[in-house]
Amino acid sequence: MKIFVGIAAMCLMASFATPSLAHDDTAEIKSKAITGEVPLDPNSDVWNDAKYLIVGMGPQNLVAPGLAKGTVSSVKVKSVHNGKDIAFLLEWYDPTEDDTETMMNKFSDAVAMMFPVKPGTEPTYMMGDPDNPVEIIYWKAAWQKDIDKGYQDVRDAYPNYNYDTYPMLNNMIDARGNPIEVKDGEIYKPVAPEDRAINTPIGKYTDAQKGYLPGLAVNNPRSRIDRTKPVEELNAIGFGTLTTEAVEGHANGKGIRSFGYWKIVLTHPLKGEVQDASFIGNNGHFMTAIAVWDGDKGNRGGRKNFSNGGWIPLWLEP
Amino acid sequence: MATVRNWQLGRDMEYPYEGNRPKRQITMFFDLNKCIACQTCTMACKTTWTSGKGQEAVFWNNVESKPYGFYPLAWDVKILDILGSQPWSGSTYKGKTIFEDTAMEEKVRGFLPDELDYMSPNLGEDEAIGIQTTEGDYIKGPTHKNWGFYLPRICNHCTYPGCLAACPRKAIYKRQDDGIVLIDQSKCRGYRECVKACPYKKAFYNNTTRVSEKCISCYPKIEKGEMSQCVTNCIGRIRIQAYKSTDLAKIRKNNVADFLVHVRKIALPLYPQFGTEPNNYYIPPIHVDLAYLTQMFGPGVENAIKQYRNAGNDKELLSALILFGNTEKISDTFKYDEKTDEAVSYDAEGKEIVRVPCTEPIYIRKVLNAKSGAFLTNNS
Ligand code: SF4
Ligand code: SF4
Ligand code: SF4
């Protein structure tokens, strides 16, 4: 009942948010063939002519940690392709915008689409299986903010926070990249507030200074400060096996807020690397599954909502 | 769920993984009668390991004033509250651990603290006695008679770690060689399930790198046979580290850890009822309320206090206690040397590491220093 109301409200809102041709009632995502580049912009006119599918979401509670109750009831999906790339537009209602992971108790809103790597296979719905790997395209609000406003750090999360210094002050550079002079262990040059250690972007750290940021020092993708895309491509062969395939891969994406909704575009080449999902052959018939996280509700990892009907058929219109 | 043996609870318990005890377990001992809350240990750890950006509010080692000091705020009373009142029957724990009776969607019972809970380490430290419940004081609840003590805390490198059990990525592992529990910095995806699950709140999130971190037991030192930074820098000499036998059938009476834990039973685990089989051991403060201590250290408290009061007559125990803070090298065996009235520590090859007199020599200083002609007295 709850889901039904949710869907009705969603349809109503959606008709204001994006003029749509028609609701597709065959429970299949019909990817519309277009000419020209697939759009990265969620507000592109190209989306107007694509049919949408409302996908019901349910809580992941098969494997702990999970969710006792769902936190996002449905996602509206559209798709277009141009024979070279495919793009998806995903929209869902989330009244709270959660776009930081720079605070220990804050989690980011996010969405992911999962595809079998090999067309025609049906991997286990729970993140694939060893014989049938899956590829996941994962967009996160926190990464979008990193792209839009620069890598979010302590200073961004806590504008009024201060901290005396960080290690290796002798080599410390100020916020403008100039070395801070040290004489007899004392800071010789008075340091203006904007030049304080806490304000120095870690992008300007030397390798030795980065050594004090363990995740960054071992190249954990989570700590990546030079993202140019708000999406990651990942592979999995079952629960707990999620592995980052590429941070700067072939997939791309862009997310925006619109009247309490997230509107996210994900793009992917029809044929990428060998570990990428392929959308070639099989008479244009493929599959996908969707997961959505609401950061405000502590959603992360397996604490997510997923498309509760299992795999969703995806058909690339010729 | 597997069934594993938790000797601290005197029973088997449920755990998400099969039991797999390390070959030997590095353990840390704290004599709470001696800690002066100078926080030298805290700073030794902080300056060695967590001085980077994103670790501003992180203290792998902290010292809190009990009963009302906490870091993070209310960490122990919150998890005690979540577990509810639980019974011991003699030395067998009849209650539920954090791994038992969990909700379907959880692996471990726990809570994720608020970011502000880390911002004022030891907030509440001054709230000790009734007269302080006036305007402006933080704690409005019940107060206690005039006692208090300092509780230094680091990760317990648990035998059944809550952090490890909760991590869906299997990014946390326990080393076979020494039982040290580590978070793989390249594998963690920052879900903070460990932060939520660790009942001691000793897994932390790094705001800058967006992955979780925890005490590494100073493993580069441990691997060299030396004790950790927070041990060797302890001003009060309240700490010592040693390898404890993990096979209870092979206890060595001349090993400091085995002796203190299994022979004299003077050193007790912190909140054993959580079920993680923590590997830090505390000698309880002898003047503190017994009910409070029993809640914190389990049913062995009375014996531990009796042993401590008797240490002056028990030369073997005295020897073990006197080695605290007197050497940087990890002791393999120890003994009381009757001839010289000294505690002696040996390494694994049987080589002597240190000798410490059990009785400090007494020097009596004359009031008049004949050499300088000065009177050395404060009774002017
Ligand atoms: S250095 Fe030793 S005495 Fe000082 S607070 Fe730490 S444990 Fe206590
Ligand atoms: S004390 Fe906490 S962080 Fe340390 S091993 Fe135990 S559960 Fe893990
Ligand atoms: S053992 Fe080392 S890393 Fe752990 S708290 Fe002590 S000083 Fe810090």
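These notes cover the structure that comes with them. Keep in mind the model is a prediction, meaning the values are calculated, not measured.

**Some details on the sheet that holds strand β15 (residues 333-337) of chain B**
Residue and element names in this part refer to chain B.
Then comes step 1: What the three strands build is an open sheet, ordered β15-β16-β17; its pairing is antiparallel. With one partner strand each, in any of the chains shown, β15 and β17 (352-357) form the two edges of the open sheet. This sheet shows a mean twist of 20° between the axes of neighbouring strands, independent of strand direction.
Then comes step 2: Pairing analysis gives five bridges linking strand β16 (residues 342-346) to β17, with the strands arranged antiparallel. Note that in β17 the partner of Tyr 346 across the bridge is Glu 352.
Then comes step 3: Against the sheet, helix α10 (residues 315-322) makes contact with β15, β16 and β17, and its axis sits at roughly 125° relative to β15, the strand it touches most.

**Points about unusual backbone geometry**
Then comes step 1: A cis amide bond links A:Ala64 to the next residue, A:Pro65, at an omega of 0°.
Then comes step 2: Positionally, A:Pro65 belongs in the loop between β2 (53-59) and β3 (74-81).
Then comes step 3: Positive phi is not limited to glycine here, since B:Arg210 has a value of about 65°.
Then comes step 4: Residue position: B:Arg210 is located in the loop between β10 (203-205) and β11 (212-214).
Then comes step 5: Owing to a relative accessible area of 1%, B:Arg210 belongs among the buried residues under this scheme.
Then comes step 6: Not every positive phi belongs to a glycine, and B:Asp341 is a case in point at roughly 55°.
Then comes step 7: Topologically, B:Asp341 is positioned in the loop between β15 and β16.

**Focus: the site of ligand 1**
Then comes step 1: B:Cys35, B:Cys38, B:Gln39, B:Cys41 and B:Cys234 are the nearest of the 14 residues found near ligand 1.
Then comes step 2: Grouping the constituent residues of the shell around ligand 1 by class yields ten nonpolar, three polar and one charged.

**Some words on helix α1 (residues 40-49) of chain B**
Then comes step 1: Those residues of α1(B) that sit buried are B:Cys41, B:Thr42, B:Ala44, B:Cys45 and B:Lys46.
Then comes step 2: The inward-facing, buried residues of α1(B) contact β4 (62-66), α6 (229-232) and β12 (239-245) of chain B.

**Points about the sheet that holds strand β3 (residues 24-31) of chain B**
Residues and elements named next belong to chain B.
Then comes step 1: Here four strands make up an open sheet; going across it, the order is β12-β3-β14-β13 and the pairing mixed. If you trace the sheet from one side to the other, it starts and ends with β12 and β13 (268-269), each paired once.
Then comes step 2: Sheet analysis places β3 next to β12, joined by seven bridges and oriented antiparallel. Bridge pairing links Ile 26 to Tyr 243 in β12.

**Thoughts on the site of ligand 3**
All names here are of chain B.
Then comes step 1: Near ligand 3, the surroundings consist of Cys 45, Trp 49, Trp 60, Asn 61, Ile 154, Cys 215, Ile 216, Ser 217, Cys 218, Ser 228, Gln 229 and Cys 230.
Then comes step 2: For the shell around ligand 3, the secondary-structure elements that each account for two or more residues are α1 and α6.
Then comes step 3: The residue makeup of the shell around ligand 3, split by class, is eight nonpolar, four polar and no charged.

**Quick word on the nonpolar core**
Then comes step 1: Counting 122 residues, the largest nonpolar core has B:Phe29, B:Phe149, B:Leu260, B:Leu270, B:Phe274 and B:Phe297 as the members making the most contacts within it.
Then comes step 2: The contact partners of B:Leu270, leaving out residues within four places of it in the chain, are B:Trp75, B:Leu151, B:Arg153, B:Tyr200, B:Pro278, B:Asn280, B:Tyr282, B:Met296 and B:Phe297.

**Topic: the packing of aromatic side chains**
Residue and element names in this part refer to chain A.
Then comes step 1: Throughout the structure, instances matching the rule amount to 28 aromatic pairs over all chains.
Then comes step 2: Seen from their ring centres, Trp 139 and Trp 262 are 5.1 Å apart, and the 65° between their planes marks the pair as edge-to-face. In this pair, Trp 139 is assigned in strand β6 (residues 134-140) and Trp 262 in strand β12 (residues 261-269), connecting sequence segments 123 residues apart. As far as the burial class goes, Trp 139 and Trp 262 line up, both buried.

What counts and how
Residues numbered from 1 in each chain as written. Chains lettered and ligands numbered in written order. Predicted model: local features only at pLDDT ≥ 70, side-chain atom pairs only at ≥ 80, totals over all residues. Heavy atoms only, no water. Pairing = 2+ DSSP bridges. Helix = DSSP H or I, 4+ residues; strand = E, 2+ residues; numbered from the N terminus. Axes fitted to C-alpha atoms, helices over the stretch in contact; angles between N-to-C directions. Contact = heavy atoms within 4.5 Å. Buried < 20%, exposed > 50% of the residue type's maximum accessible area, 1.4 Å probe, protein only. Near = heavy atom within 4 Å. Nonpolar A, V, L, I, M, F, W, Y, C, P; charged D, E, K, R; others polar. Core = buried A, V, L, I, M, F, W, Y, C linked by side-chain atoms within 4.5 Å. Phe/Tyr/Trp six-rings, centres within 6.5 Å; stacked < 30°, edge-to-face > 60°.

Geometry only, nothing functional implied.
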